[in-house]
Amino acid sequence: MKNAPIPFNRPHMTGKELYYIAEAHFNGRLAGDGPFTAKCHNWLQQNGACHKALLTHSCTAALEMAAILLDIQPGDEIIMPSYTFVSTANAFVSRGGVPVFVDIRADTLNLDETLIENAITTRTKAIAPVHYAGVSAEMNTVMDIARRHGLKVVEDAAQGVMSSYQGAALGSIGDLGTYSFHETKNIISGEGGALLINDPKLTLRAEIIREKGTDRSRFFRGEVDKYTWQDLGSSFLPGELIAAFLWAQLEEADKITAQRLKNWNYYHLLLEPLENQGLLRRPMIPADCLHNAHMYYILLSPKLNRQQVLNELNQNNINAVSHYVPLHSSPAGQRYGRAEGELKNTNALSERLIRLPLWFGLTEAEQNRIVEALKNLDKLLR
Ligand SMILES: *Cc1c(COP(=O)(O)O)cnc(C)c1O
């Protein structure tokens, strides 16, 4: 008999989601910025230690808000890694911005901070570091470079809810930060996200952009007697049902993170002998980073063929996946952006990475089975 399938991801529900959705239903308040949204904002402002948090439909939407807020104009350049999800670049490209793709560090797969200054031109407007796998980029250096060159910093902390760098929550360090609550992340609402505003001067305009370009938020606070069209904007705010769902998750953020870290640490222990054998490399967490166990990835030995490894896992009914096709080598990335230098690490490591199943409720027995399958890889060495 074949072993039961182990999915790559299984969304975790805390059990209170429907209860809070029912409460929102009986409140009769379904549009955005109701009581559940306020609870989520307070939580994010406390745990994210940001000046202001605003829920959005997605991290993509939060990044789009960031591009409008920073007044990105056609031809403005934004320095970012190529090894990231499309939204990091797409949000700026939608305003006419040009992503400038810089290589990643071999150890954390984050933006290589030593290459940023070389990529700066007179058109550079911002740096958008991505905290890959919920592990922080070298933010001290990024912030220092940004200050010296008068650049803004937008942290793509989509994967970084509940992670920190030198004690500071990810997303709270740059001028702006963005979170994702997509079902594949740690804390979820199906689709969902948040914009974290750390520069208080940006807050009022962020509220306007999020409310279709109107000052409706000020109107609701009684600060103006009618609301009007003030600026660019769109409808970036989620309804209360989404916020109600999200509240049930945020309440259990500590528990969810602790459970994921247990799974992460168990993989790390089991896979040490395979690393010593030279079959793969395990993730590296810098000393000043606390991470949220968003992801457990392995970097295969160059002597292994990734597709064969994925097939081998699949034959054992284990669904592992790879990502990302580097943006500088994708059709839109070539059309809209430019690569700075050779991006050697990006090209080499993106071909070798596999993400293992990691979700709340994954058992040690299932993890044992996954690692057993990986132990057979030496027969695939070429
Ligand atoms: C998931 C993710 C996004 C997009 O998040 P959505 O909420 O799905 O829009 C953006 N950037 C990174 C690095 C991500 O991992």
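Just above, that's the structure.
Since the model is a prediction, treat every value here as computed from it, not as a measurement. (Residues numbered from 1 in each chain as written. Predicted model: local features only at pLDDT ≥ 70, side-chain atom pairs only at ≥ 80, totals over all residues. Heavy atoms only, no water.)

Topic: the overall build of the protein
Here is step 1 of the chain: Secondary structure assignment for the protein yields 14 helices and 14 strands.
Here is step 2 of the chain: The C-alpha radius of gyration of the protein comes to 21 Å, within 12% of the 21 Å expected for a compact globule of 382 residues.
Here is step 3 of the chain: Each principal axis of the C-alpha distribution contributes one length, and for the protein these read about 75 × 55 × 35 Å.
Here is step 4 of the chain: For the protein, with 382 residues in total, the buried portion stands at 55%.
Here is step 5 of the chain: A separation of at least 24 residues holds for 69% of the contacts in the protein among residues at least 6 apart in sequence.
Here is step 6 of the chain: With an accessible surface of roughly 16,200 Å², the protein has 52% of that area assigned to carbon and sulfur atoms. (Helix = DSSP H or I, 4+ residues; strand = E, 2+ residues; numbered from the N terminus. Rg over C-alpha atoms; globule rule 2.2 N^0.38 Å. Buried < 20%, exposed > 50% of the residue type's maximum accessible area, 1.4 Å probe, protein only. Contact = heavy atoms within 4.5 Å. Areas by Shrake-Rupley, 256 points an atom, 1.4 Å probe, with all protein chains shown as cover.)

Topic: the sheet that holds strand S7 (residues 168-169)
Here is step 1 of the chain: Reading across from one edge, S7-S6-S11 is the order of the three strands in this open sheet, with antiparallel pairing throughout. Each end of this open sheet is capped by a strand with a single partner; those strands are S7 and strand S11 (289-290).
Here is step 2 of the chain: Of the pairings in the sheet, the one linking strand S6 (residues 164-165) to S11 comprises two bridges and is antiparallel in character. What sits directly across from serine 164, in S11, is leucine 290. (Pairing = 2+ DSSP bridges.)

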